[in-house]
Structures are given as structure tokens and as C-alpha cells.
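Examination of the molecular architecture
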Amino acid sequence: MTPKSLRRTATVVVAVLVAATMVGCAVSGTAGGSPGREQERRNTELVRDAFARGVSGQDSFYAILAEDVQWTVVRAEAPRTYTNRAEFLRDGAGPIVSRLDGPIRAEVHELVADGDTVVARWRGVATARDGAPYVNEYVWVMTLRDERVSRVSAYLDFVALDELLQRVTPAHPYVGMWVTPDGHIRQELRPDGRYDEARGGRVGAYTGRYEVRGTRIDYWDDSGFTADGTFVSDDELHHGGMVFRRES
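Residues numbered from 1 in each chain as written. Predicted model: local features only at pLDDT ≥ 70, side-chain atom pairs only at ≥ 80, totals over all residues. Heavy atoms only, no water.

The helix and strand inventory of the protein chain stands at four helices and 14 strands. Residues classed as buried in the protein chain amount to 42% of the 248 residues present. Counting only contacts in the protein chain whose residues sit at least 6 apart along the sequence, the fraction spanning at least 24 positions is 45%. For the protein chain, the computed accessible surface area is about 12700 Å², with 51% contributed by carbon and sulfur atoms. (Helix = DSSP H or I, 4+ residues; strand = E, 2+ residues; numbered from the N terminus. Buried < 20%, exposed > 50% of the residue type's maximum accessible area, 1.4 Å probe, protein only. Contact = heavy atoms within 4.5 Å. Areas by Shrake-Rupley, 256 points an atom, 1.4 Å probe, with all protein chains shown as cover.)

Once that is clear, we can look at the confidence of the model for the protein chain. On average, the protein chain scores 87 in pLDDT, and the residues at 70 or more come to 86%. Predicted confidence is poor over residues 9-14, with pLDDT under 50, and the contacts of this stretch with residues over four places away or in other chains come to five contacts. Low pLDDT (under 50) marks residues 19-32, which in the prediction has 17 contacts with non-local residues, meaning those over four places away or in another chain. (pLDDT = per-residue confidence, 0-100.)

To continue, consider helix H4 (residues 158-167). Restricting attention to buried positions, one finds in H4 the residues Phe 158, Val 159, Ala 160, Leu 161 and Leu 164. The backbone nitrogen of Val 159 lies 3.0 Å from a side-chain oxygen of the residue at the head of H4, namely Asp 157. (Polar contact = N/O pair within 3.5 Å; in protein donor to acceptor, adjacent residues only side chain to side chain.)

Looking now at the pairing of strand E11 (residues 216-221). Most of E11 sits inside the fold, with five of its six residues counted as buried. Summarising the sheet, strand E10 (residues 202-213) and E11 pair through six bridges and their orientation is antiparallel. Looking across to E11, one finds that Gly 208 is bridged to Asp 221. A loop of two residues connects E10 with E11, the two strands running antiparallel in sequence, and Gly 214 in this loop sits at a positive phi of about 65°. Where E11 meets strand E12 (residues 226-233), five bridges bridge the pair, whose relative direction is antiparallel. Bridging from a neighbouring strand, Asp 218 pairs with Asp 228 of E12. The turn joining E11 and E12, which pair antiparallel and follow one another in sequence, is formed by four residues; a positive phi near 120° is taken by Gly 224. (Pairing = 2+ DSSP bridges.)

This part is about the sheet that holds strand E9 (residues 194-199). Overall, antiparallel pairing links the eight strands, which are arranged E7-E8-E9-E10-E11-E12-E13-E14 in a closed barrel. Each strand of the sheet is rotated relative to its neighbour by a mean of 30°, with strand direction disregarded. Bridge count between strand E7 (residues 176-179) and strand E8 (residues 185-189): four bridges; the pairing is antiparallel. Among the inter-strand pairings, Gly 176 is bridged to a residue of E8, identified as Leu 189. The strands touched by helix H3 (residues 85-97) within the sheet are E10 and E11, with E10 carrying the most contacts at an inclination of about 115°. (Axes fitted to C-alpha atoms, helices over the stretch in contact; angles between N-to-C directions.)

The full count for this structure, using the stated rule, is 18 aromatic pairs. Considering the side-chain rings of Tyr 82 and Phe 88, the 5.7 Å spacing of their centres and the 65° angle between planes classify their relative orientation as edge-to-face. A single burial state applies to Tyr 82 and to Phe 88, both of which are buried. Linked through ring pairs, Phe 51, Phe 61, Tyr 62, Trp 71, Tyr 82, Phe 88, Trp 122, Tyr 138 and Trp 140 together constitute an aromatic cluster. (Phe/Tyr/Trp six-rings, centres within 6.5 Å; stacked < 30°, edge-to-face > 60°.)

Structure, rendered in C-alpha cells:
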């Protein structure tokens, strides 16, 4: 079995074990007509209706997220937790949505409720910007509060996701090399949403993540600072008091 297959198998196994555990809890927690069954039914319908709107931007499934949602993307190494809705939409969902030609259609296999928790096992289907299909399998363990999702542990196939992120260019026209007129600073905006900035002979002087919205670019450097800039044309970028031009 290849390393890629092993990673995919491990992801599926973990997700199935989580779902199975939650199913067991739900069966024991709702037996005998417990008082919480009506709330569980409402939570399940809320989640089902949200999935019917697709999974994409603010008006999709994500509309039921609480503003202070804690969204954890579960990985064996370096799991990532987003601490509010805006951060998740920008940094978690954004790099995926920007590579798709439309929302992700949710094919819900199973919804299981236990108290204020709903476990969703579902398949996401979409078309990438290069015309190829994007298909992923998910298990989301969601905690609801006041009919809003306040906490999520998300399990998914990272092999399929990483292939999308590496293969497809985000939906903006500014990928490439940007250079100051004196050639001292060379900033490469890569298709995977990362940048690499060289200063003089110092390669990789600054590296990090970037995101483009319209003509604005935001940077999150690996060293911890943030910055922004503006594309005043398809070939000119103003950033940090400097002018960059696209390298032909």
C-alpha cells in the first residue's frame, strides 16, 4: 500500500470510528423517549436544511455557524483550530472555495444526534476551476448552541484536498512573480496560496500565506506579522510603500 493510500485509509478509519462512537451514544441517550429528543430532532433538521443550501460561502451551510465558532480540522500532525466564523471562512474554507466553480453539493449519508451534538457523515461533490471533479468524504462532529453550530471537529480525506490545492490555481489573476523597479525585491505569488519573497541575494527572506479578494491582497507571514496591498492594475501592485510590477 502506498503512503498516499495509507493516509487516506487512516483518515477514513478515524472518521468511521468517531461516527460509530457517536451512534452508540445517540442510541443510549435517546432510548425511552428522553426529554431531549425534540431538541435533537430540531438540531438534525437544522443541519439537514443547511446542507441543502450547499457548502461554499457565507449564505451556504456556513450561515448556521456561530460568530465565535471553534472549528478544528483534525489531523494526526498539526491540527488547525479556527477561533471564529470570519477566520474560518477566510483561512479554512476560502482556499478551497477559490478553487471551485460553484458550491460543494452535499450528499448526506447519515445524521446522528446526541444531546447538543450532531454527527454528519457526508460526501462533497463539486467541479474544480480546471473542469475536473472534486469529491471528498467528510465526518463533522458538531456541537449546537441556540440553533447555531458553536464547535466542530472536521475529519476529511486530506489526499483529495491536497491534490486540489496543488493542482488548481485560485480564482484571481495575480499568480506569478512581482518585482520592484530596481529588482531588489522579488515576490512570487504561488498557485497554492503561498508567497515567497526574495530580497537581494536573500532567497526566502519572507514566506507565508496570502489571499486575494478583488484587488486587495492580504499576507500572513510565517514569522507572525500581517500586511496588505492593492493591485492598481493587472500589472502593478502597491504594497508596504513600494511598487511592484508583474514580471513578464
